[in-house]
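Residue-level structure breakdown
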Amino acid sequence: MSSETSQRTTERGRIRVSGFDVERVDSRDPLSSWQPDLQSEEGRGRLEYAWMRFKRNRLALFGAATIVFMVLLAVFSRPIQLPTSFPVLAGETVQPFSLAPADPANQDVITGYREPTLENLLTWPPTGLYLFGADWAGRDILSRVMYGGRWSLSIGFIAVAMALLVGIPLGSIAGYYGGKIDEIIMRLVDLLYAFPFIVLAIAVIAVLGRGYWEMILALVVVGWLPYARIIRGEILSVKENEYVTAAKALGSRDRSIIARHILPNAMAPVIVQATLSIGTTVLVAAALGFIGLGLSPASAEWGVMLNVEQDAIARGRWWAGLFPGLAIFVFVMAINLVGDGVRDAFDPQGDQTDTDTGGLR
């Protein structure tokens with residue numbers, strides 16, 4: 001037998017790995033070899049991947065910029081002074097700036113309606129007064145739209161946040177424990193789902209009365225249902241994974257398992273739903289204000305402004321109802337663009353979609 005044949009015979013059955021640099025492995029620091037490379041793709045988490053995909057969506061970025069712009073206009077429209085009942089810094093002004101050209105409560109009933117004009121923008125310094133015209137009481141509509149964003153936008157964000165605080169715990173308990181607890185919670189959800197969204201909100205306001213926090217509570221009562229149902233469905237699938245079984249075997253408490261192992265892997269659909277629900281909540285709040293069940297008629301909430309001026313277009317004062325409705329339209333459109341971007345960012349097939357389209361949206 002030749003030497004070449006003998007070498008092949010002795011090496012038969014051995015596994016040979018190509019591209020394996022033995023010298024590099026021997027010279028590598030054994031401690032640093034276990035540290036993840038935070039700059040590489042392996043070190044990136046799901047949220048970072050979602051953010052990278054979201055940044056490539058130009059429409060979603062435009063919607064986010066629009067929302068930030070409207071929020072800044074609402075916050076800095078008028079100075080913010082803490083109430084006298086505030087425990088710390090009572091009566092202090094925490095936001096001294098005023099971007100609104102006039103006080104939204106200033107009235108000029110004698111003059112009344114004013115058509116939109118650009119004359120004040122051409123003077124120096126430009127004031128922007130009556131740029132959107134004036135309403136029946138002579139109040140500057142631009143100032144009221146800017147200031148009214150505090151009411152409309154805060155109702156949307158606060159109501160959705162409170163609905164999440166109710167829906168996520170109830171849905172998590174129902175999905176994790178199952179059994180009778182699941183039956184009770186889900187039957188309650190089905191019962192409330194039997195009522196139309198707006199009708200149930202009207203019923204709650206009819207019981208509680210009109211007001212800012214009463215409206216938010218009415219929106220929370222009907223707003224937590226989709227979050228509970230979505231998170232329950234996600235937990236039913238996530239809790240069967242091996243890492244959850246391992247956490248139970250190690251003696252972790254149920255609360256710790258849900259908070260640390262299950263919820264982080266089940267929150268993506270809830271985040272998408274919450275983003276899209278902000279626009280829906282603002283629309284419902286405006287609808288309640290339009291039918292007279294919102295805030296007081298003197299407030300600058302966008303739905304209330306539409307209610308007060310609902311006959312203005314028929315009388316030829318088109319500007320009185322146009323600009324509050326336009327503000328609602330722009331915000332809801334922007335939040336829908338952001339919601340679509342968040343949904344695509346958390347989509348597991350998002351990488352494949354970006355590859356097929358070249359990263360363009």
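Residues numbered from 1 in each chain as written. Predicted model: local features only at pLDDT ≥ 70, side-chain atom pairs only at ≥ 80, totals over all residues. Heavy atoms only, no water.

If you look the protein chain up in an unreviewed UniProt entry, it shows as Peptide ABC transporter permease from Halorubrum ezzemoulense DSM 17463. Its UniProt record, at the heading Subcellular location (unreviewed entry), says of the protein chain: "Cell membrane". Note on the protein chain: under the UniProt heading Sequence similarities (unreviewed entry), the record states "Belongs to the binding-protein-dependent transport system permease family." (UniProt positions renumbered as here; feature names shortened; annotations may be inferred.)

**Some thoughts on the side chain of S277**
Along the polypeptide, S277 turns up in helix 13 (residues 268-290). Discounting chain neighbours no more than four positions away, the residues touching S277 are V160 and Y227. (Helix = DSSP H or I, 4+ residues; strand = E, 2+ residues; numbered from the N terminus. Contact = heavy atoms within 4.5 Å.)

**Side note on the packing of aromatic side chains**
According to the stated counting rule, one finds ten aromatic pairs in the structure shown. Both rings, one in F157 and one in F331, keep their centres 6.3 Å apart while their planes meet at 75 degrees; by these two values the pair is edge-to-face. Residue F157 is located in helix 6 (residues 141-177), and its partner F331 is located in helix 15 (residues 318-345); the two are separated by 174 residues in the primary sequence. According to the relative accessible area criterion, F157 is partly exposed, its value standing at 33%. Classification of F331 by relative accessible area gives buried; the value is 0%. By way of ring pairs, the aromatic residues Y113, F132, W318, W319 and F323 are connected into one cluster. (Phe/Tyr/Trp six-rings, centres within 6.5 Å; stacked < 30°, edge-to-face > 60°. Buried < 20%, exposed > 50% of the residue type's maximum accessible area, 1.4 Å probe, protein only.)

**Considerations on unusual backbone geometry**
The backbone of Y130 sits at a positive phi, close to 60 degrees, despite the residue not being glycine. Among the structural elements, Y130 can be located in the loop between helix 5 (119-122) and helix 6. We classify Y130 as buried; its relative accessible area is 15%.

**Here's the deal with helix 3 (residues 46-55)**
Each α-helix winds once per 3.6 residues, and so residues spaced three or four apart point in a common direction. Within helix 3, the full set of buried residues consists of A50, R53 and F54. Take helix 3 and look down its axis: the buried residues cluster within an arc of 100 degrees, on one side only. (Arc of directions from axis to C-beta.)

**Description of the UniProt feature "transmembrane region" (unreviewed entry) in the protein chain**
Mapped onto this numbering, the UniProt entry gives "transmembrane region" (unreviewed entry) at residues 59-77, 153-179, 191-209, 270-298 and 318-339. With 96% helix and 0% strand, residues 153-179 has its two end C-alpha atoms placed 39 Å apart. Secondary structure content for residues 270-298 is 72% helix and 0% strand, and the end C-alpha separation is 36 Å.

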